[in-house]
Amino acid sequence: MMDDFKRTYLCLCKEACIEPQECILNQLHDVCDGNLRKRLDLSTQSLSIDACAVLGKVLTNDIVFTEITLCDCMLNEEGAKLLLYGLCANTTIQMLDMKGNNLRAAGAEALGKLLRHNKSLKSLILEWNALGMWEEGFCVFCEGIRANKSLKHLDLRNNQINHQGVGELALALKNNDTLEELDLRWNNVGLLGGRALLCALQQNKTLVRLELAGNNIPSDVLKAVEQAVDHNSECQTALRESRTRSKVLTHEIQCLKVEKNKQFLNMMGVIDQQKEELTRSGRTAAVQVGQLQEALTEKSSIINSLRAKVQMTEAALTLSEQKSNDLKELLEKIKIEKIELKERHSKEFKIEQEEACNREAKLTRELNTANGKNMELKNKVDELDRRCKVQHDQLCHLKQELASVTAEMKQRIVQTEERLEVEKKRCKQVLDDTEALRQKEMDCMNVHLQESERSLQVRIQKLENIRIQLETELSRLKAAAVTHRAQADEELIKMKNQIRLEEQERLANLEEKLHLLGQSRDESQNRCTIQKQTINELQAKNNKFTFEVEGLRRRIEELNQELSGKDQEKVAEVNNVRVELQEQVGHLQAERVAQEGLREKISALERQLKVQSNTHRDAILDKESEISSLLEKVRLKDNEIMRMKEDEAQRASFLHNAILSYVQGSPLGAQCTKK
């Protein structure tokens with residue numbers, strides 16, 4: 001960075017056909033001080049106009065130097081102007097020291113432009129210059145102070161600033177809210193300038209240090225100015241304390257937010273785990289439902305096969321019914337044999353009942369296993385309910401913690417409000433007491449003042465006329481001296497001693513006159529000053545109390561605004577958390593309702609399966625019993641039919657033999673045989 005600065009400086013010197021100055025090159029070798037700030041120190045160095053122009057061009061885009069000192073360089077007006085114009089666009093300079101350079105009108109205008117355009121300058125030292133000798137240039141300088149938003153320290157000692165220049169400076173201070181320190185020692189401020197500064201301090205609340213020694217300002221005005229500056233410093237300290245407190249409160253609130261976010265994230269993790277467990281249980285339940293559905297499909301296929309068998313048996317039954325219709329006539333003949341068959345059937349029915357009991361025992365066992373599975377599912381549901389209750393308890397605990405936090409904040413707010421009310425009451429009592437005392441003293445003082453002012457007004461008017469005449473003579477003499485200096489800059493060195501002697505003689509004569517007049521004026525003003533001091537003290541006390549009350553009110557308003565904003569943020573966060581938790585609870589409740597619906601469906605399907613299985617088993621048993629009975633009946637009937645056929649064949653053979661024997665034994669048979 002430093003090499004770039006040196007390179008640009010040398011290039012610009014070549015372009016301007018100027019030899020680079022050795023003092024500047026020597027300074028560029030070592031520029032860092034102990035505080036790691038880059039300083040360019042050209043004090044007591046004679047800089048030409050061309051060198052100032054080159055330095056101004058180099059410093060426009062410089063980012064190295066933060067401090068520049070040009071003390072006692074006796075810069076020319078044109079050179080200082082070029083140098084300051086170059087610093088207008090600089091963004092790194094923070095301190096500029098131009099002590100003892102005899103800057104006048106053009107320098108003041110250049111400084112005003114610098115203050116208007118530069119945004120980084122914080123300290124400006126202009127001691128031992130002549131900025132206040134030309135009113136127009138100093139007005140431009142004051143306009144720059146009015147527009148500046150970065151300068152904090154300004155040194156204007158020994159700049160021949162009169163009361164008019166101080167008036168312009170006071171107007172600039174009314175609109176400036178960044179300047180903190182101002183040094184106006186050893187100028188010609190006077191009474192009017194002091195009053196103008198006092199009026200400016202009533203609006204300016206940032207000026208913390210103001211030096212006015214050696215300016216012929218009355219003591220009462222100085223005291224009033226000191227009180228205003230002290231009040232400004234107290235206000236600034238109060239603002240700093242309030243800012244630190246607000247920073248501490250914001251830090252605590254951020255810590256609370258971080259803790260709440262951590263708790264919320266932990267809760268979300270627990271909820272996610274519970275959701276995963278619920279999804280797992282749902283998956284297992286879905287797998288079990290699929291298995292049950294597969295079992296149902298298998299049982300439905302079995303039932304369909306049984307239905308086909310039943311249909312076959314029904315067809316066989318229709319055939320058997322046809323046969324039974326054919327054999328009804330034969331059944332009537334065999335009623336005796338049916339009694340025996342009934343006894344056999346009763347025995348076989350008992351055997352079938354025993355087999356049915358065994359089947360019922362098997363079915364009860366299967367039912368017990370199904371009930372065990374149902375109990376396991378119920379236990380899982382109870383565990384899920386217990387987890388939901390635990391989540392609900394955690395949510396209640398969080399709500400209680402939020403309520404406790406809000407209650408603590410409200411208690412703090414109430415305590416602060418009570419303290420503020422107590423302070424307000426105390427301030428009101430003090431103000432009432434002071435107002436009562438002030439009214440009494442004012443009544444007494446007004447009577448004395450009216451009497452004394454009548455007698456003193458005439459003398460004061462005369463003395464003021466004389467003082468005004470003397471001030472006009474002094475201003476005329478100063479203007480003559482200034483014009484003489486401006487016209488004869490080269491002869492100043494030779495004529496300084498003569499002019500100083502003449503001015504000392506004139507000032508001695510004028511001081512003798514002023515001393516004679518001042519003695520008479522002091523005797524008349526002593527009483528007025530004493531009374532004015534008492535009045536000013538009372539007014540200062542009043543102002544202090546009013547400023548303190550206003551500061552307390554501002555603190556209360558700021559604290560209320562901060563508390564309202566924090567309460568709103570907390571309420572918004574709580575509402576968001578509540579909404580999210582309600583949504584999660586709603587999702588959990590919906591999943592719970594869905595699980596309950598699935599459980600109900602499963603139980604209904606299991607009931608239907610049980611009922612259908614029982615009905616099918618009963619129907620199958622009945623049909624099997626009926627089929628077995630019918631088969632036995634058919635077998636018995638076939639046996640009976642075969643036996644009856646054999647009997648009929650035997651009977652037919654017996655009848656045939658009998659008929660043949662009969663025919664053979666009859667005369668017809670003998671004839672037949674003979675033939």
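In this convention, every chain numbers its residues from 1, walking through the sequence in written order. Note on the predicted model: pLDDT of at least 70 is required for a residue's local features to be given, and 80 or more for side-chain atom pairs to be given and counted; whole-chain, interface and lining totals, by contrast, use all residues. With hydrogens and water excluded, all non-hydrogen atoms of the structure serve as input to the side-chain values.

1. Things to note about the overall build of the protein chain
So, point 1. When you go through the protein chain residue by residue, the secondary structure sums to 12 helices and seven strands.
So, point 2. C-alpha atoms define the radius of gyration in this analysis, and the globule rule sets the expected value at 2.2 Å times the number of residues to the power 0.38. The globule rule puts the C-alpha radius of gyration for 675 residues at 26 Å, and the 61 Å found for the protein chain is more than 25% above it.
So, point 3. Taking the principal axes of the C-alpha coordinates as reference, the protein chain spans close to 220 × 80 × 40 Å.
So, point 4. When accessible area is computed with a 1.4 Å probe and restricted to protein chains, residues below 20% of their type maximum are described as buried, those above 50% as exposed, and intermediate ones as partly exposed. Split into buried and exposed, the 675 residues of the protein chain put 27% on the buried side.
So, point 5. A separation threshold of at least 6 residues defines the contact pool for the protein chain, and within that pool the share at least 24 residues apart is 85%.
So, point 6. For the protein chain, the accessible surface area stands at approximately 44,900 Å², while carbon and sulfur atoms represent 54% of it.
So, point 7. A gap of 6 Å separates the mean positions of the 103 positive and 109 negative side-chain charges of the protein chain. Working definition: helices are DSSP H or I runs of at least four residues, strands are E runs of at least two. Numbering for both runs from the N terminus. Any pair of residues with heavy atoms lying within 4.5 Å of one another is described as a contacting pair. Residue-level accessible areas treat just the shown protein chains as cover; the underlying method is Shrake-Rupley with a 1.4 Å probe. In this tally, Lys and Arg are treated as positive and Asp and Glu as negative; His is ignored, and so are the chain termini. To locate a charge, take atom NZ for lysine, CZ for arginine, CG for aspartate or CD for glutamate.

2. Notes on the nonpolar core
So, point 1. Residues grouped as a nonpolar core are buried Ala, Val, Leu, Ile, Met, Phe, Trp, Tyr and Cys residues, joined through side-chain atoms within 4.5 Å. One finds L96, L126, F141, L154, L156 and L182 to be the most contacted residues of the largest nonpolar core, which totals 70 residues.
So, point 2. Contacts of L96, omitting those with residues within four sequence positions, involve I68, L84, L87, L114, L121, S123, L124 and I125.
So, point 3. Counting five residues, the second largest nonpolar core, distinct from the first, contains I271, L395, L398 and L581.

3. Let's talk about the environment of F141
So, point 1. By the element assignment, F141 lies in helix α6 (residues 135-147).
So, point 2. With a relative accessible area of 0%, F141 lands in the buried category.
So, point 3. Between the C-alpha atom of F141 and that of E451, which follows or precedes it by 310 residues, the distance is 46 Å.

4. Things to note about helix α5 (residues 105-117)
So, point 1. When the terminal C-alpha atoms of α5 are compared, their 19 Å separation across 13 residues agrees well with the 18 Å that a helix rising 1.5 Å per residue should span.
So, point 2. All buried positions along α5 are accounted for by G107, A108, A110, L111, G112, L114 and L115.
So, point 3. If you follow the buried residues of α5, they end up packed against α4 (77-87), β3 (95-97), β4 (123-125) and α6. Helix span, as expected, comes to 1.5 Å for every residue beyond the first.

5. A look at the packing of helix α7 (residues 163-174) against helix α8 (residues 190-203)
So, point 1. Viewed as axis vectors pointing N to C, α7 and α8 meet at an angle of 0 degrees, and their least axial separation amounts to 8 Å. Classified by the angle their axes make, α7 and α8 are roughly parallel. Residues H163, V166, G167, A170, L173 and K174 of α7 touch α8, and the partners they reach there are L192, G193, A196, L197, C199, A200 and Q203.
So, point 2. Under the convention adopted here, Pro, Cys and the residues Ala, Val, Leu, Ile, Met, Phe, Trp and Tyr are nonpolar, Asp, Glu, Lys and Arg are charged, and Gly plus all remaining residues are polar. Grouping the constituent residues of the contact of α7 with α8 by class yields eight nonpolar, four polar and one charged. Axes here mean lines fitted to C-alpha atoms, for a helix over just the part in contact, with angles spanning 0 to 180 degrees between N-to-C directions. Any angle from 65 to 115 degrees is called roughly perpendicular, while one under 35 is roughly parallel, one over 145 is roughly antiparallel, and all others are oblique.

6. Some points on the packing of aromatic side chains
So, point 1. Here is the rule: rings of Phe, Tyr and Trp (six-membered ring for Trp) pair when centre to centre is within 6.5 Å. Planes less than 30 degrees apart are stacked, more than 60 are edge-to-face, and the remainder are tilted. Scanning all chains against the criterion turns up two aromatic pairs.
So, point 2. Seen from the ring of Y85, K113 lies directly overhead, with NZ or CZ sitting 4.1 Å from the centre. Should the NZ of a Lys or the CZ of an Arg lie within 6 Å of a ring centre and within 35 degrees of the ring normal, that charge is described as sitting over the ring.

7. A short note on a negative patch on the surface
So, point 1. Residues enter patches when their relative accessible area tops 30% and they take part in no salt bridge; the joining distance is 9 Å for like charges and 5 Å for the nonpolar side chains Val, Leu, Ile, Met, Phe, Trp and Tyr. The rule for a salt bridge is simple: a side-chain nitrogen of Lys or Arg has to be within 4 Å of a carboxyl oxygen of Asp or Glu. Side chains of E226, D230, E234 and E548 sit close together on the surface and give a patch of like negative charge.
So, point 2. Take the negative patch: its biggest share by element is three residues, from helix α9 (residues 219-333).
So, point 3. Tracing the sequence through the fold places E548 in helix α11 (residues 492-665).
So, point 4. Under the relative-accessibility criterion, E548 is labelled partly exposed at 44%.

8. Thoughts on a positive patch on the surface
So, point 1. There is a patch of like positive charges on the surface, built from K122, K152, R240, R243 and K247.
So, point 2. The class for K122 is partly exposed, based on a relative accessible area of 39%.

9. Re the layout of surface pockets
So, point 1. Put simply, the grid is 1 Å and covers the protein atoms alone, a cavity is a trapped set of points that fit a 1.4 Å probe, a pocket is an open set with protein on both sides within 12 Å along at least five of seven lines, and lining residues have an atom within 4 Å of a point. Grid points are joined across faces, edges and corners, and a volume is the space filled by probe spheres set on the points. Taken as a whole, the second largest pocket encloses approximately 980 Å³ of empty space.
So, point 2. Taken together, 31 residues form the lining of the second largest pocket, with R245, L249, T416, L559 and L563 sitting closest to its centre.
So, point 3. Contributing elements (two or more residues each) for the lining of the second largest pocket: α9, α10 (335-487) and α11.
So, point 4. For the lining of the second largest pocket, the element with the highest residue contribution is α10, accounting for 12 residues.
So, point 5. Within the lining of the second largest pocket, the residues separate by chemical class into 12 nonpolar, six polar and 13 charged.

10. Thoughts on the side chain of E640
So, point 1. Tracing the backbone through its elements, the reader meets E640 in helix α11.
So, point 2. One buried charged residue, E640, forms no salt bridge at all, with the nearest opposite charge on R643 at 5.1 Å.
So, point 3. Those residues in contact with E640 that sit more than four places away from it in its chain are I334 and E337.

11. A look at unusual backbone geometry
So, point 1. Positive phi values are uncommon outside glycine, yet D72 reaches one of about 55 degrees.
So, point 2. With respect to the helices and strands, the residue D72 is situated in the loop between β2 (67-69) and α4.
So, point 3. Owing to a relative accessible area of 42%, D72 belongs among the partly exposed residues under this scheme.
So, point 4. Even without a glycine there, the phi angle at N102 is positive, about 55 degrees.
So, point 5. For N102, the location among the structural elements is in the loop between β3 and α5.

12. Examining a nonpolar patch on the surface
So, point 1. Together, L655, I659, Y662 and V663 make up an exposed nonpolar region whose accessible area comes to about 440 Å².
So, point 2. For Y662, the location among the structural elements is in helix α11.

13. Here's the deal with the confidence of the model for the protein chain
So, point 1. Per-residue confidence from the predictor is given as pLDDT, running between 0 and 100. Looking at the protein chain as a whole, the pLDDT averages 82, with 95% of positions reaching at least 70.
So, point 2. This stretch, residues 32-36, has a pLDDT under 50; its non-local contacts, to residues over four places away or in other chains, come to three contacts.

14. Notes on the pattern of salt bridges
So, point 1. Scanning the entire structure with this criterion turns up 13 salt bridges.
So, point 2. The partner of K99 in a salt bridge is E127, and the shortest N-O contact between them spans 3.9 Å. You can see K99 sitting in the loop between β3 and α5 and its partner E127 sitting in the loop between β4 and α6, a full 28 residues away along the chain.
So, point 3. According to the relative accessible area criterion, E127 is buried, its value standing at 8%.
So, point 4. Note that E211 is salt-bridged to R209, the shortest N-O span being 3.5 Å.
So, point 5. Taking the relative accessible area as the measure of exposure, E211 reaches 24% and is therefore partly exposed.

15. Notes on α6
So, point 1. With 13 residues, α6 extends 18 Å between its outermost C-alpha atoms, agreeing within 8% with the 18 Å of an ideal straight helix rising 1.5 Å per residue.
So, point 2. Residues G137, F138, F141, C142, G144 and I145 constitute the buried set of α6. Across the axial projection of α6, the buried residues extend over an arc of 155 degrees, all falling on one side.
So, point 3. In this structure, the buried residues of α6 make contact with α5, β4, β5 (153-155) and α7. Read the arc as the range of directions from the helix axis to the C-beta atoms.

16. Focus: the side chain of N159
So, point 1. Within the secondary structure, N159 is located in the loop between β5 and α7.
So, point 2. When its relative accessible area of 0% is taken as the criterion, N159 is described as buried.
So, point 3. Throughout this description, a polar contact denotes any pair of N or O atoms lying within 3.5 Å of each other; where both atoms belong to protein, one of them has to be capable of donating a hydrogen while the other can accept it, and for residues adjacent in sequence the pair is counted only when both atoms sit in side chains. A polar contact of 3.0 Å, which involves the side chain of N159, links it to the backbone oxygen of R157.

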